[in-house]
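An overview of the molecular structure
Chain by chain, the residues run as shown.
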Amino acid sequence: MSDVRSSVLGGSYARPADTSARIQFRRALTLTAMTLVMPGSAQLVMGNKQVGRIAVRVWLGFLAFGVMVLFMLLTSRQGLLSLALDTRLLTIGRWVLIAGAIAWVALLIDAWRLGRPRELARRHRLWMTGLNASLCFVTAGTMFFAAHLVAVQTSFIDSVFVADTVSKPQDGRYNVLLLGGDSGPDRSGLRPDSLTVASIDRDTGRTVLVGLPRNLQDVPFPSGSVMNKQSPHGFDCEGCELNGVNTWANDHAKLFGEKDPGIKATMGAVEEITGLKLNYYALVNMHGFATLVDAVGGVRMNVKERTAIGGIGSPIRGWIEAGDQKLNGSQTLWYSRSRVQNDDFSRMGRQKCVMNAMLQQLSPQKVLLNVEKIATSSKALLTTDIPKQDLDVFVGLALKAKTEKVSTVSLVPPVIYTGNPDFKKVRTLVDGAIAKAEGNSTAKVGITQATLSMPSTTDDAKDPRKANQSADLGATC
């Protein structure tokens, strides 16, 4: 009879020591699981109840904060971005994460102690020790990594967004001058070879890119400005073109008596050319741009024409072949800046296509997985007067812009001749592009079909210069 009972009940009556060992093992597992799900609950049950109450209250506070974040994500993304980009809150959050990691590990170790490991069977003791060690490593590692990401984010914001002057949108749009250039021993100062105004609707994020040729001549300056006094009839000196304004102003800095006279002078010229009041500028160092592209794992481009690598003051070192390509940082840089076997206007079109590709392909997942590389490269990449107070606004606009078509207008022949530009016509074209992007089809702005039309033939679509004229940049690139 005893043999039958032993068989049916798994030996629980025949081997009471085994039953006791299994109960102790389950208790130890339960205490660890409780600490993992709700830190402090194990202490409430079997340990120091005061410590348990404090830990549970803190944990419930974290859960309440998580619910609040989820609510803001669904109802007020702008408010959530404001919190996520506030460096004071980020610093507090970093130390909270570090303290939380240490406290959680301490509670897991205490839960292991409460499980009475010395009374466990040897195999159970080994299991519990390994499990607790793994959980300590995973929980602490995750929270320490999160604290590190917060520290990287804080350092990046504090290093790059140092301006403190906030500029309000103009006629419902933010207008930002994007400059791309690089200096070197063979160059006199930094001459921005890429000049683009991004005009962004503050409500929808719909963006119009206005490309300005670097060799635009006789550019005007605002009335009463230092540059206007020095060049009242436009920037008409020998070899003086739009991309030389920055160098000229920096070389004559004493005339201005202010910081960054070259950037301010260039912004003034662009405002007079386009008729748009600029809010901010962002200067991109081209070599830093290559590092950024590598940091996010490259960018996929539909290369319209075979493009040379090198060849600007140096031998051609290779080629980027036409077709669908995933370009690394160096290739993307040369695709953006090469003008071997083509011209500045082709290059302007390719630059817009690269901007559009980066906007569409830079997902939150890529940013999260490569945040340190992106932050490091961006410190060397970007100089801007966008203040940290407005950073949440532009992050929000970037998220909106991902779902919108990017429009473009460029001041290129045959519509605008760079050697003798019609600036009244330029402003009309810019106004027309913005009106069309906003869906204002009745605006009397004289939009020309040559400037704001889609490529009409297969051959046109293969021409990268058509990115300058397309009303839908994504369709052309």
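Quick notes on helix 6 (residues 87–114)
Given a rise of 1.5 Å per residue, 28 residues ought to cover 40 Å, and the 40 Å separating the end C-alpha atoms of helix 6 matches this to within 8%. Capping the start of helix 6 is the job of one residue whose side-chain oxygen sits 2.9 Å from the backbone nitrogen of R88: D86. Following helix 6 by one or two positions, R116 has its phi on the positive side, about 50 degrees.

Observations regarding a nonpolar patch on the surface
Among the surface-exposed residues, I54, V58, F62, F65, M68, L83, L89, I92 and V96 lie close enough to one another that they form a single nonpolar patch of about 770 Å² accessible area. Along the chain, F65 turns up in helix 4 (residues 49–75).

Structural notes on the layout of surface pockets
Here the second largest pocket is characterised by a volume of approximately 710 Å³. Every residue lining the second largest pocket is counted, 32 residues in all, and those nearest its centre are K259, K264, M267, Y281 and D385. Counting residues per element, the ones that place at least two in the lining of the second largest pocket are helix 7 (122–160), helix 8 (226–230), helix 10 (261–274), strand 4 (280–285) and strand 9 (382–384). No other element matches the 6 residues that helix 10 contributes to the lining of the second largest pocket. Residue classes in the lining of the second largest pocket are distributed as 15 nonpolar, 9 polar and 8 charged.

Notes on the sheet that holds strand 3 (residues 207–212)
The strand order across the open sheet formed by 6 strands is 9-4-1-2-3-10, and the pairing between neighbours is mixed. Each of the sheet's edge strands pairs with one partner strand only, and the pair in question is strand 9 and strand 10 (406–410). Across the sheet, the mean angle from the axis of one strand to that of its neighbour is 20 degrees, orientation sign disregarded. As paired strands, strand 1 (residues 173–181) and strand 2 (residues 194–201) are joined by 8 bridges and run antiparallel to one another. Each residue of the ladder has a partner; that of V176, found in strand 2, is A198. Against the sheet, helix 11 (residues 286–295) engages strand 1 and strand 4, with an angle of about 80 degrees to strand 4.

Considerations on the pairing of strand 5 (residues 299–303)
Covered by surrounding structure in strand 5 are V299, M301 and V303 only, the residues R300 and N302 on the alternate face being uncovered. Here strand 5 runs beside strand 8 (residues 323–327); their pairing, made up of 5 bridges, is antiparallel. The partner of R300 across the bridge, within strand 8, is K326.

How each quantity is defined
Residues numbered from 1 in each chain as written. Predicted model: local features only at pLDDT ≥ 70, side-chain atom pairs only at ≥ 80, totals over all residues. Heavy atoms only, no water. Helix = DSSP H or I, 4+ residues; strand = E, 2+ residues; numbered from the N terminus. Expected span 1.5 Å × (residues − 1). Polar contact = N/O pair within 3.5 Å; in protein donor to acceptor, adjacent residues only side chain to side chain. Patch = residues over 30% accessible without salt bridge, like charges linked within 9 Å, V, L, I, M, F, W, Y side chains within 5 Å. Areas by Shrake-Rupley, 256 points an atom, 1.4 Å probe, with all protein chains shown as cover. Salt bridge = Lys/Arg side-chain N within 4 Å of Asp/Glu carboxyl O. 1 Å grid on protein atoms, 1.4 Å probe; cavity = no way out; pocket = protein on both sides within 12 Å on 5 of 7 lines; lining within 4 Å. Points joined across faces, edges and corners; volume = space filled by probe spheres on them. Nonpolar A, V, L, I, M, F, W, Y, C, P; charged D, E, K, R; others polar. Pairing = 2+ DSSP bridges. Axes fitted to C-alpha atoms, helices over the stretch in contact; angles between N-to-C directions. Contact = heavy atoms within 4.5 Å. Buried < 20%, exposed > 50% of the residue type's maximum accessible area, 1.4 Å probe, protein only.

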